[in-house]
Amino acid sequence: MILQGEGEQLDFKNRISSCEKIAKTLVAFANSKGGKLLVGVADNGYINGVKSEDEEKYMLQRAGHLYCRPALELHFEEIYVDDKLVLIAEVAQSDTKPHYALGEDHKWWVYVRVHDKSRLAGKVAVDVLHRSSLPEGVLINYTDKEKELLAYVHHHAKTQLPELCKHLKLSRRKTQRILVNLIVAGVLEVHSGNREEYYTEKTT
């Protein structure tokens, strides 16, 4: 696992020092495809081991129960490598998305996993997580506005919400609703970037 390097479903932590910080990673895993946290492993993959697995477990469980909403249950595994203990904390992909993490600003935020980072999710991504957890399907009214939006996304890389609102001459709320329907239906994809989320055609 360490040789794979950090990625969408794998994260390294030397130690757990902050419930707020680790809650971001936990909810990002739960809101995406699930993942494993290797505690006692540096970012470069060097195994330092954990001094007290009980203390690390306590911090992780505290983060999962008190700093994640809905609360998250973690599954633990302990592995010894050259007499050094690595604690593996696994978070399953959730079927009650979205999960929120309590930030240092005392506000609740949604995160998703993008490559090896936990990124703050935008409003459309949060709505998509809500909708994708619902049992019923999506009924799309394929109007001229849907066609216009799809045509614009097709011809413009990394399309963002403000430019779509302007192009379609629609309010932010109405444009978001069309986007969410098309993303949940699997026609478009939402990407959480550094500053602003953007949308592309769904790749097969």
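Since the model is a prediction, treat every value here as computed from it, not as a measurement.

Here the focus is the pattern of salt bridges. One pass over the full model with this rule turns up 6 salt bridges. Of the charged contacts, one joins Arg 113 and Asp 11 as a salt bridge, the two residues approaching to 2.8 Å between their closest N and O atoms. Of this pair, Arg 113 sits in strand β7 (residues 108–114) while Asp 11 sits in strand β1 (residues 10–13); the two residues are 102 residues apart in sequence, bridging distant segments of the chain. Looking at Arg 113, the relative accessible area reads 5%, which means it is buried. For Asp 11, a relative accessible area of 4% translates into the label buried. The partner of Asp 127 in a salt bridge is Lys 123, and the shortest N-O contact between them spans 3.0 Å. One end of the pair, Asp 127, and the other, Lys 123, are both in helix α3 (residues 123–132), 4 residues apart, so they sit about a helical turn from each other. Within this structure, Asp 11, Lys 13 and Arg 113 form a network of salt bridges that share partners.

Here the focus is the layout of surface pockets. Each pocket or cavity is described by its volume, and for the largest pocket that value is around 800 Å³. Lining the largest pocket are 27 residues; nearest its centre among them are Glu 8, Ser 32, Arg 113, Glu 189 and Val 190. When contributions to the lining of the largest pocket are tallied by element, the ones reaching two or more residues are β7, α3, α6 (172–184) and β9 (188–191). The class makeup of the residues in the lining of the largest pocket is 10 nonpolar, 10 polar and 7 charged.

Moving on to helix α5 (residues 161–168). By the burial criterion, the buried members of α5 are Leu 161, Leu 164, Cys 165 and Leu 168. All buried residues of α5 fall inside an arc of 100° around its axis, so they share one side. Residue Lys 169 follows α5 closely and has a positive phi angle near 60°.

For Thr 200, the location among the structural elements is in strand β10 (residues 198–201). Polar contacts involving the side chain of Thr 200 include one to the side chain of His 191, which spans 2.7 Å. When sequence neighbours within four positions are dropped, the list of residues in contact with Thr 200 reads Val 153, Lys 158, Leu 188, Glu 189 and His 191.

Turning our eyes to something else, we now look at the packing of α5 against α6. The geometry of a pair of packed helices is captured by two quantities: the angle between their axes and the separation between those axes. Packing of α5 against α6 brings their axes to within 9 Å, and their N-to-C directions diverge by 105°. By the criterion of interaxial angle, the relationship of α5 to α6 is roughly perpendicular. From α5, Leu 161, Pro 162, Leu 164, Cys 165 and Leu 168 reach across to α6, where they touch Arg 172, Thr 175, Gln 176 and Leu 179. Among the residues forming the contact of α5 with α6, the class breakdown is 6 nonpolar, 2 polar and 1 charged.

Each value, and the rule that gives it
- Residues numbered from 1 in each chain as written.
- Predicted model: local features only at pLDDT ≥ 70, side-chain atom pairs only at ≥ 80, totals over all residues.
- Heavy atoms only, no water.
- Salt bridge = Lys/Arg side-chain N within 4 Å of Asp/Glu carboxyl O.
- Helix = DSSP H or I, 4+ residues; strand = E, 2+ residues; numbered from the N terminus.
- Buried < 20%, exposed > 50% of the residue type's maximum accessible area, 1.4 Å probe, protein only.
- 1 Å grid on protein atoms, 1.4 Å probe; cavity = no way out; pocket = protein on both sides within 12 Å on 5 of 7 lines; lining within 4 Å.
- Points joined across faces, edges and corners; volume = space filled by probe spheres on them.
- Nonpolar A, V, L, I, M, F, W, Y, C, P; charged D, E, K, R; others polar.
- Arc of directions from axis to C-beta.
- Polar contact = N/O pair within 3.5 Å; in protein donor to acceptor, adjacent residues only side chain to side chain.
- Contact = heavy atoms within 4.5 Å.
- Axes fitted to C-alpha atoms, helices over the stretch in contact; angles between N-to-C directions.
- Parallel < 35°, antiparallel > 145°, perpendicular 65-115°, else oblique.

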